[in-house]
Amino acid sequence: MTAERTRVAIVGAGPAGLVLSHLLEQAGIESIVLDQRTREDIEGTIKAGILEQGAVDLLAGIGATSRVHTVGERHDGIELLFGSEEAPERHRIDFPGLTGRSVWLYPQHEALIDLIAARLAAGQDLRFGATVTAVEGVDSDRPRVSGTTAAGEPFEIEAEFLVGADGSRSVVRPAVTGPSREGGYFREYPFAWFGILCEAPKSSQELIYSNSPNGFALISQRSETVQRMYFQCDPEADPNAMSEAEIWDALQARTPGVELKEGPIFQRDVLRFRSFVSHELRRGRAALVGDAAHTVPPTGAKGMNLALGDVILLNQALQELLLRGSSRGLDAYAEAASERIWKSQHFSWWMTSMLHLSPEASDFDRLRQRGELSMVVGSEAGRRYLAEAYTGWPYRTEL
Ligand code: PHB
């Protein structure tokens, strides 16, 4: 079989892979995007999405299909809820007042529907159902990926550069890290989120992050008629073991003082989470972006924003390499991306540890956590610290 050729082979048609293909095309660099999932699967898997201003601007500029400003909703703050069951305290963090910035609630699958339509309209070579089984030659000038197409035919693609944008179970990552550095820096958490989607009106206009004596809960929204809520659970919990009434009791027990508007639950899932950063982000002619490079727990709402931060930098590096023949930007990529990655890792870990009740927590731990929350909401510096990180740092575009 003779290999097809392209300039950049991108494995993964998530936000990172699709946005990268757009940025490269704007610079006149051709790419092929491969994903083992079907288009229906990608567009139908409901995912969270809090977008920072920079991410909104980037998405809104891609094709005519972006609905980020029409379907997405601007959020000017979040609420933190904590205290005792009898005397719960609700504190609003006012984003524009503290930072001049806001965030947008725009679920990732909606962004993907827009992006796929925009990329296809622009003539992007985008192949669904294509499973990559081998990655070779990353230390040469001609890295290759091979595997099986949706029709079950073998394929082989030779590129000048290879990008792993293929999520936390990346098949490209082992070729980048090498066998001796496989894995990465990581931390597991002794709890998970039980998530539901329900048909109900909003219980709150803004997100409520609750640290209650019964554990964490998050009240989020999807639309006027569909709501997303989560409560802390055991990572081994079976999402189908609870009745709807038990789920509402669990949510209500973790949101004292909030009157939850109940409705039929039509999806439930258990989200395990961990913090992870790959030991290596680039090797030779291959690099990792997004969840292939790192994962964050969802409490800080950083996932998609962080993926786009990687892509903006890698795009610069690839333009230098492929248009000007210099590997300087590429050599700077891992270190440049790491700055934002570790800041986001810290913020996501911090929000997680401040808001969840660890199963082994002592009374000391609980009271210390209460002290931490009082410090954050009780001082303008504390509120601003949270607001700056939540609304995000401007994207760095220079390597
Ligand atoms: C969500 O709406 O699903 C969501 C929002 C904020 C988070 C996590 C998830 O921190």
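For the structure given in this document, a descriptive report is provided here. Because the structure is a prediction, the values reported are computed rather than measured. Here the residue index of a chain counts from 1 through its sequence in written order. Two thresholds apply to this predicted model, a pLDDT of at least 70 for residue-level local features and 80 or more for giving and counting side-chain atom pairs, whereas whole-chain, interface and lining totals are computed over all residues. Computation of side-chain values covers all heavy atoms of the structure but excludes hydrogens and water.

**Focus on helix α10 (residues 363-378)**
Numbered from the N terminus, helices here are DSSP runs of H or I no shorter than four residues, and strands are runs of E no shorter than two. By this rule the span expected of a helix is its residue count minus one, scaled by 1.5 Å. For α10, built from 16 residues, the straight-helix expectation of 22 Å at 1.5 Å per residue is met to within 8% by its first-to-last C-alpha distance of 22 Å. Buried residues of α10: Gln369, Glu372, Leu373, Val376 and Val377, and no others. Relative to the axis of α10, the buried residues are bounded by an arc of 120° and lie together on one face. Opposite the packed face of α10, turned more than 90 degrees from it, sit the exposed residues Asp363, Phe364, Leu367, Met375 and Gly378. What makes two residues a contact is simply this: any of their non-hydrogen atoms within 4.5 Å. In this fold, the buried residues of α10 make contact with β6 (77-83), β7 (88-94), β15 (207-212), α9 (328-355) and α11 (380-391). Accessible area is worked out with a 1.4 Å probe on protein chains only. A residue is then buried under 20% of its type maximum, exposed over 50%, and partly exposed in between. The directions from the helix axis to the C-beta atoms are what the arc is built from.

**Brief notes about the pattern of salt bridges**
Any carboxyl oxygen of Asp or Glu that lies within 4 Å of a side-chain nitrogen of Lys or Arg is treated as forming a salt bridge with it. Under the counting rule described, the total for this entry stands at 28 salt bridges. Asp114 is the salt-bridge partner of Arg67, the closest N and O atoms lying 2.7 Å from each other. Residue Arg67 is located in the loop between α3 (53-60) and β5 (73-75), and its partner Asp114 is located in helix α5 (residues 108-121); the two are separated by 47 residues in the primary sequence. Judged by relative accessible area, Arg67 falls into the partly exposed class, the value being 24%. For Arg272, the salt bridge goes to Glu236, with nearest N and O atoms at 2.9 Å. A residue pair is termed long-range when its members are at least 10 positions apart, and Arg272 in strand β18 (residues 265-278) and Glu236 in the loop between β17 (226-233) and α7 (244-253) qualify at 36 residues. Residue Arg272 shares its accessibility class with Glu236, and that shared class is exposed. Each of Glu4, Asp125 and Arg127 takes part in salt bridges that share partners, so that together they form one network.

Everything listed here is a matter of geometry and, on its own, says nothing about what the molecule does.
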